[in-house]
Amino acid sequence: VQLQASGGGLVQAGGSLRLSCTASGRTFSSFVMGWFRQAPGKEREFVAGITGSSAITYYQDSVKGRFTISRDNAKNTVYLQMNSLKPEDTAVYYCAASRGGLVSSRSTYNYWGQGTQVTVSS
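Source: prediction; values computed, not measured.

### Here we look at the packing of aromatic side chains
Any pair of aromatic rings gets described here by the distance separating the centres and the angle formed by the planes.
Argument step 1. Per the stated rule, a full pass over the model turns up 5 aromatic pairs.
Argument step 2. With 5.9 Å between their ring centres and 85 degrees between their planes, phenylalanine 31 and tyrosine 111 make a pair best called edge-to-face. Highlighted residues: phenylalanine 31 in the loop between β3 (17–23) and β4 (32–38) and tyrosine 111 in strand β10 (residues 109–112), separated in sequence by 80 residues.
Argument step 3. Here phenylalanine 31 falls in the buried class, since its relative accessible area comes to 2%.
Argument step 4. Here the aromatic residues Phe36, Phe46, Tyr109 and Trp112 are joined through ring pairs into a cluster of three or more.
Argument step 5. The ring of tyrosine 94 carries the charged tip of arginine 44 above its face, separated from the ring centre by 3.6 Å.
Argument step 6. Taking the ring centre of tryptophan 112 as reference, the NZ or CZ of arginine 44 above it sits at 5.0 Å.

### A short note on the sheet that holds β3
Argument step 1. Spatial ordering of the open sheet is given by β1-β3-β8-β7, a layout of 4 strands whose pairing is antiparallel. Each edge of the sheet is formed by a strand with only one pairing partner; in this case those strands are β1 (3–6) and β7 (67–72). Between one strand axis and the next, the sheet turns through 15 degrees on average, direction left out of account.
Argument step 2. Alignment of β7 against strand β8 (residues 77–82), held across 6 bridges, turns out to be antiparallel. In the strand pairing of β8, isoleucine 69 is matched with leucine 80.

### So, the state of the cysteines
Argument step 1. Under the criterion given, the structure shown has 1 disulfide.
Argument step 2. Disulfide pairing is shown between cysteine 21 and cysteine 95; the S-S distance is 2.0 Å. Judged by the sign of its S-S torsion, about 60 degrees, the bond between cysteine 21 and cysteine 95 is right-handed. Of this pair, cysteine 21 sits in strand β3 while cysteine 95 sits in strand β9 (residues 91–98), placing them 74 residues apart in sequence.
Argument step 3. Of the residues examined, cysteine 21 reaches a relative accessible area of 0% and is grouped as buried.

Rules behind the numbers
Residues numbered from 1 in each chain as written. Predicted model: local features only at pLDDT ≥ 70, side-chain atom pairs only at ≥ 80, totals over all residues. Heavy atoms only, no water. Phe/Tyr/Trp six-rings, centres within 6.5 Å; stacked < 30°, edge-to-face > 60°. Helix = DSSP H or I, 4+ residues; strand = E, 2+ residues; numbered from the N terminus. Buried < 20%, exposed > 50% of the residue type's maximum accessible area, 1.4 Å probe, protein only. Lys NZ or Arg CZ within 6 Å of the ring centre and 35° of its normal. Pairing = 2+ DSSP bridges. Axes fitted to C-alpha atoms, helices over the stretch in contact; angles between N-to-C directions. Disulfide = S-S within 2.5 Å.

Note that every value here comes from positions in space, so none of it alone points to a role or purpose.
Now the structure itself:
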């Protein structure tokens, strides 16, 4: 599985961005998909995850109510809608695919995209 993330950019605090991640292959719907982020000097951290059927979503506490993860299995794409962005959301955002396991754990994920930069100015 190859993952291609896009949609990052520079936005002012309070603004919005939508990240997309498109996967290759015909088994996309079988994967749990996640978004992680890594700020300079910090470890990569879980942001949001979604099960294959979109039945369950998971969020890091700091983004609950501001970010929404969704997926379109017909398009092999997972999205991260980010609203009310804050400077502390600045990071490289990565999408990842997992065959199963703890959704919030980096070690669960088998495949990673290349990352897209999100910069939020104050």
